[in-house]
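# Notes for the structure review
So you can see what is in the structure, the chains are spelled out below.
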Amino acid sequence: MATKEEFTIYYLDLLRELEKEKPDFLLIDVREPKEIQHYGQIPKTINIREDDVVNELVNLEAKKFQKKYGIPKPVKHTKMIFSCYSGKRAENAAKKMNEKGYTQVYLYKGSFKEWHDKQNPERQTFIIKYDQLLEDQKKSDVLIVDVREPEELAETGKISESINIKSNDVVKEFKELSEEDFEEKYGKPKPTKDTKIIFSCRSGNRSERVQKQIQELGYKQVFNFEGGWEEWKRREEKKEK
């Protein structure tokens, strides 16, 4: 049985967890130690092999666990996030802990492979964070494009100063619309190959795909707002508290 969606952690969820000064979770990598030595690991993880998960997390005495791993042994309501290389072994480990009655067991779906790919320095160069987006909103020479479906925007609202072009239409609109038609349709100047363009969607996945497509057309300053509307809404709500 596959892990339920509410117990699935994605890349951006994990980033937010790792940003916490005092983490309220236990991140467990279930790969073999030699794999971790060779490939590296996600920050703040401990390594417990998949085959040893139940013995270490359930059966090992609390004092011995603390001594071995340097952290308190988890109890049945401790939030645990399992990771491996691509997700399969982590899913198996999560199921084992579910069967033992642990109630806050999560699977990092992408696992180390996704983490490693998304932490690539070249990719990070073209990532926009919330604070930078606040600054770019004020600049008339920056184009912010929300690539969600229009009905999504109608339901949630949008980032101010952004225009909406559906993800499947962006390439066509950039290639086929004249400067006059683009500005008439969207109320913003059509971007040149040197314009700073920021793509956004709900959570950052569709916009990342569009970002790559537009980069392939030769546009040089193409960025992805990592986190999209979900991150924007979270940060805006946090400011209001």
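Residues numbered from 1 in each chain as written. Predicted model: local features only at pLDDT ≥ 70, side-chain atom pairs only at ≥ 80, totals over all residues. Heavy atoms only, no water.

An unreviewed UniProt entry lists the chain under the name Sulfurtransferase, with Acromyrmex echinatior as the source organism.

### Observations concerning the nonpolar core
To be explicit about the condition: To qualify as a nonpolar core, a set must consist of buried Ala, Val, Leu, Ile, Met, Phe, Trp, Tyr and Cys residues joined through side-chain atoms within 4.5 Å. Residue exposure (1.4 Å probe, protein chains only): buried if accessible area is under 20% of the type maximum, exposed if over 50%, otherwise partly exposed. Here a helix means four or more residues in a row that DSSP labels H or I, a strand means two or more in a row labelled E, and each is numbered from the N terminus. Whether two residues are in contact is decided by their heavy atoms, any of which lying within 4.5 Å being enough.
Ranked by internal contacts, the top residues of the largest apolar core, which has 20 residues, are Ile28, Leu57, Met80 and Phe82. The element contributing the most residues to this core is helix α5 (residues 88-99), with four residues. Here methionine 80 is in contact with Leu26, Ile28, Leu57, Pro74, Met97, Tyr102, Gln104, Val105 and Tyr106, once residues within four sequence places are set aside. Of all hydrophobic cores here, the second largest spans 17 residues; its members include Leu143, Val145, Leu177 and Tyr186.

### Brief notes about the packing of helix α1 (residues 11-19) against helix α6 (residues 111-118)
This is how it is decided: Helix axes are fitted only over the stretch in contact, all axes being lines through C-alpha atoms; the angle between N-to-C directions runs from 0 to 180 degrees. Our angle categories are set so that under 35 degrees counts as roughly parallel, over 145 as roughly antiparallel, 65 to 115 as roughly perpendicular, and the remainder as oblique. Charged means Asp, Glu, Lys or Arg here, nonpolar means Ala, Val, Leu, Ile, Met, Phe, Trp, Tyr, Cys or Pro, and polar covers whatever is left, Gly included.
At their nearest, the axes of α1 and α6 sit 11 Å apart, and the two run at 80° to each other. Relative to α6, α1 is oriented roughly perpendicular. Contacts between α1 and α6 involve Tyr11, Leu14, Leu15 and Leu18 from the former and Glu114, Trp115 and Lys118 from the latter. Residue composition of the contact of α1 with α6, by class: five nonpolar, no polar and two charged.

### What about the side chain of arginine 31?
Inclusion rule: Residues adjacent in sequence count toward polar contacts only when both atoms are side-chain atoms; beyond that, a polar contact is any pair of N or O atoms within 3.5 Å, and within protein one must be able to donate a hydrogen and the other to accept it.
With respect to the element layout, arginine 31 can be found in the loop between β2 (25-29) and α2 (33-39). The class of arginine 31 is buried, set by a relative accessible area of 0%. In terms of polar contacts, arginine 31 uses its side chain to reach the side chain of aspartate 29, at 2.7 Å. Separated by 2.8 Å, the side chain of arginine 31 and the backbone oxygen of glycine 40 make a polar contact. With near-sequence residues (within four places) excluded, arginine 31 lies in contact with Ile36, Tyr39, Gly40, Gln41, Asn47, Arg49, Cys84, Tyr85, Arg89 and Phe112.

### Remarks on the sheet that holds strand β1 (residues 8-9)
The condition that has to hold: Think of it this way: DSSP has to see at least two bridges between two strands before they count as a pair.
On the basis of which strands lie adjacent, the open sheet formed by five strands has the order β1-β5-β4-β2-β3 and parallel pairing. Looking at strand neighbours, the two that pair on one side only are β1 and β3 (45-47), the edges of this open sheet. In this sheet, strand β5 (residues 105-108) lies alongside strand β4 (residues 79-83) in parallel orientation, the contact comprising three bridges. Note on β5: the bridge partner recorded for phenylalanine 82 is leucine 107. Docked against the sheet, α5 engages β4 and β5, running at close to 150° with respect to β4. Strand contacts of α6: β4 and β5, with the helix running at about 50° to β5, the strand carrying the most contacts.

### Let's talk about α1
For α1, the set of buried residues is Tyr11, Leu12, Leu14, Leu15, Glu17 and Leu18. Looking at the buried residues of α1, the elements they touch are β1, β2, β4, β5, α6 and α7 (121-125).

### Some remarks on the packing of helix α8 (residues 130-137) against helix α13 (residues 228-240)
In contact at an axis separation of 11 Å, α8 and α13 are set at 85° when each is read in the N-to-C sense. When the axes of α8 and α13 are compared, the pair comes out roughly perpendicular. Contacts from Tyr130, Asp131, Leu133, Leu134 and Gln137 in α8 reach Trp232, Arg235, Glu236 and Lys239 in α13. Considered class by class, the residues forming the contact of α8 with α13 number four nonpolar, one polar and four charged.

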